[in-house]
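# A closer look at the structure
Letter by letter, the chains look like this.
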Amino acid sequence: MTPAPKASPTPSRTPASSPTPTTSPTQSDGTLQILTYKGYAESGGATTNWVADFESATGCRIARLDTVQTAQEMQDIVGRRAYDVISAGPEVAASLIAAQQVQPIDTARVTGYDELTKQLRDQSEVDGKVYGVPYLWGTNEIIYDASKTKPRDASALYDSQTAALPDSPLSIADAALAGGAEDPYELTAGQLDQAMTLLGKNKNRLYWKDPITLVRAFATGKVDIAQATPYFRMLLQKAGRNVKALDTSATTGWVDSWMLNASTPSLDCAYRWLSWTAMAETQRDAAAWVGLAPATSKACKGRAAAVCAAYGVTKTAKPAKVVFAVRPPGDCAPPEGECTDYAAWTKRWQGLVS
């Protein structure tokens, strides 16, 4: 679940901070403090600078722009200071809502909100309240070296000795889906055990955090089957590798959405930022830069066209096949009883990869 700047051949989230922060800025003076993933809010060169355009168009100033590489890094840093807006995925979003660190969003104040894909908007709704504005989303698929034997089904990913998986507890959901779970994010203790048994068939597989590691492993033949985003398939195909995606009945995915800090004193610039990131032009730049799909199909032109095609953004059947991630909630409805929570998933995953 990691994006990538074009400067790198694969999605990458690297801890960074830019521009230089000012002393304790507050949003009431027309500034914003932003926490996001690398590439989501670029302030670099002429072709990668949609932050400067925002400042010029709105009069709001980005006083602090911090970026992280992983959801765990975001979880660790988010409580250290009061960022005005945060782009969070499912692992972090649920905990922010539960801890009341973010506030409901008045969607009427977000220009273009209704033009964002409804299925993505629904992911941020809790008890009838909206907590996020969809920005970028991705799916996981099984890619394989088509010059070798075609995998029979998803189980090949767990049987192979030359396979790779993202190093994330949410990879358990993909194993559960391959094992027949109807909802891979609501697993009883028994279902979690089944998924871990499948994962445990080959503990020596490659668990990748840095996307470059995965691309190099494929390019050198160290890996011939992996769970990755369609962007990886596109990159490898452009590099001349005979890589294809296995057709499956369903796949997992996730949505990264912008959220509002619960303690931000003035929301004018924050809502201007939400409206800016909902624009097709902004999402087009971000999607093309990080290799994830935009939340509006109107962004699927020009530089983002290839990325949109890889994700099947304009094909209504493709998003319908995606089971979007939630942080494992720990409360299954009867008759299943109590579900395992994210803490349990994290503990089992760490035991697997350590």
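First things first, this report covers the structure right here in the doc. (Residues numbered from 1 in each chain as written. Predicted model: local features only at pLDDT ≥ 70, side-chain atom pairs only at ≥ 80, totals over all residues. Heavy atoms only, no water.)

## So, the overall build of the protein
Scanning the protein from N- to C-terminus turns up 14 helices and 16 strands. Within the protein, buried positions represent 56% of all 354 residues. If you take every contact in the protein between residues at least 6 apart in sequence, the share linking residues at least 24 apart comes to 74%. For the protein, the computed accessible surface area is about 15,000 Å², with 48% contributed by carbon and sulfur atoms. (Helix = DSSP H or I, 4+ residues; strand = E, 2+ residues; numbered from the N terminus. Buried < 20%, exposed > 50% of the residue type's maximum accessible area, 1.4 Å probe, protein only. Contact = heavy atoms within 4.5 Å. Areas by Shrake-Rupley, 256 points an atom, 1.4 Å probe, with all protein chains shown as cover.)

## Looking at the pairing of strand S10 (residues 163–166)
What you see with S10 is no split at all: Ala 163 and Leu 165 on one side and Ala 164 and Pro 166 on the other are buried throughout. Alignment of S10 against strand S12 (residues 225–228), held across two bridges, turns out to be parallel. Looking across to S12, one finds that Ala 164 is bridged to Ala 226. As judged from the three bridges shared by S10 and strand S11 (residues 206–208), these two strands associate in the parallel manner. Across the sheet, Pro 166 pairs through a bridge with Trp 208, a residue of S11. (Pairing = 2+ DSSP bridges.)

## Topic: the pattern of salt bridges
All told, the structure shown has 12 salt bridges when counted by the stated rule. Across the pair Arg 64 and Asp 66 runs a salt bridge whose closest N-O atoms are separated by 2.6 Å. With respect to burial, Arg 64 and Asp 66 carry one shared label: buried. When the shortest N-O distance is used, the salt bridge between Asp 247 and Lys 321 registers 3.4 Å. (Salt bridge = Lys/Arg side-chain N within 4 Å of Asp/Glu carboxyl O.)

## A few points about the packing of aromatic side chains
Applying the stated criterion across every chain, the model contains 10 aromatic pairs. Ring geometry for Tyr 207 versus Trp 349: centroids 5.5 Å apart, planes at 85°, classification edge-to-face. One end of the pair, Tyr 207, is in strand S11; the other, Trp 349, is in helix H14 (residues 342–353), with 142 residues separating them in the sequence. Take Tyr 207 and Trp 349: they sit in the same class, and that class is buried. These aromatic residues form a ring-pair network of at least three members: Tyr 37, Tyr 40, Phe 54, Tyr 135, Trp 258, Trp 273 and Trp 276. When the ring centre of Tyr 83 is taken as origin, the NZ or CZ atom of Arg 81, which lies over that ring, is 5.9 Å away. (Phe/Tyr/Trp six-rings, centres within 6.5 Å; stacked < 30°, edge-to-face > 60°. Lys NZ or Arg CZ within 6 Å of the ring centre and 35° of its normal.)

## Concerning helix H6 (residues 171–178)
Counting buried residues along H6, seven of its eight residues qualify, which places the element largely inside the surrounding structure. Here H6 has its buried residues at Ser 171, Ile 172, Ala 173, Asp 174, Ala 175, Ala 176 and Leu 177. In the core, the buried residues of H6 are packed alongside helix H5 (156–159), S10, helix H7 (189–199), S12, strand S14 (251–261) and H14. Positive phi appears at Gly 180, one or two residues downstream of H6, with a value of about 105°.

## Thoughts on the sheet that holds strand S13 (residues 243–245)
On the basis of which strands lie adjacent, the open sheet formed by five strands has the order S11-S10-S12-S9-S13 and mixed pairing. Of all strands in the sheet, those bounded by a partner on one side alone are S11 and S13. Pairs of neighbouring strands in the sheet enclose a mean axial angle of 25°, with direction left out of account. Pairing of strand S9 (residues 141–145) with S12 involves four bridges; the strand directions are antiparallel. Counterpart to Ile 142 in the pairing with S12 is Gln 227. (Axes fitted to C-alpha atoms, helices over the stretch in contact; angles between N-to-C directions.)

## With respect to the packing of H6 against H7
The description of two helices packed together rests on the angle between their axes and the distance between the axes. Two elements in contact, H6 and H7, have axes whose closest approach is 8 Å; the angle formed by their N-to-C orientations is 95°. Considered as vectors, H6 and H7 are oriented roughly perpendicular to each other. Packed against H6, whose contacting residues are Ile 172, Ala 175, Ala 176 and Ala 178, the element H7 presents Leu 192, Ala 195, Met 196, Leu 198 and Leu 199 at the interface. Classifying every residue of the contact of H6 with H7 by side-chain character gives nine nonpolar, no polar and no charged. (Parallel < 35°, antiparallel > 145°, perpendicular 65-115°, else oblique. Nonpolar A, V, L, I, M, F, W, Y, C, P; charged D, E, K, R; others polar.)

## Details of the state of the cysteines
Within this structure, the stated rule accounts for two disulfides. Here Cys 60 is linked by a disulfide to Cys 269, with a sulfur-sulfur distance of 2.1 Å. Between Cys 60 and Cys 269 the disulfide shows an S-S torsion of about -85°. By sign, it is left-handed. Of this pair, Cys 60 sits in the loop between helix H1 (50–58) and strand S3 (61–68) while Cys 269 sits in helix H10 (residues 268–278), and the two are 209 residues apart along the sequence. One exposure class covers both Cys 60 and Cys 269, and it is buried. (Disulfide = S-S within 2.5 Å.)

## So, the nonpolar core
Note on soluble globular proteins: their nonpolar side chains tend to be buried together. Ile 172, Leu 199 and Trp 273 are the most contacted members of the largest nonpolar core, which totals 99 residues. With seven residues, the single largest contributor to this core is H10. Every residue in contact with Leu 199, bar those within four places of it in the chain, is listed here: Tyr 158, Leu 165, Ile 172, Ala 175, Arg 205, Tyr 207, Trp 349 and Leu 352. Among the nonpolar cores identified, the runner-up in size contains 14 residues, and Leu 214, Val 215, Val 223 and Phe 232 belong to it. (Core = buried A, V, L, I, M, F, W, Y, C linked by side-chain atoms within 4.5 Å.)

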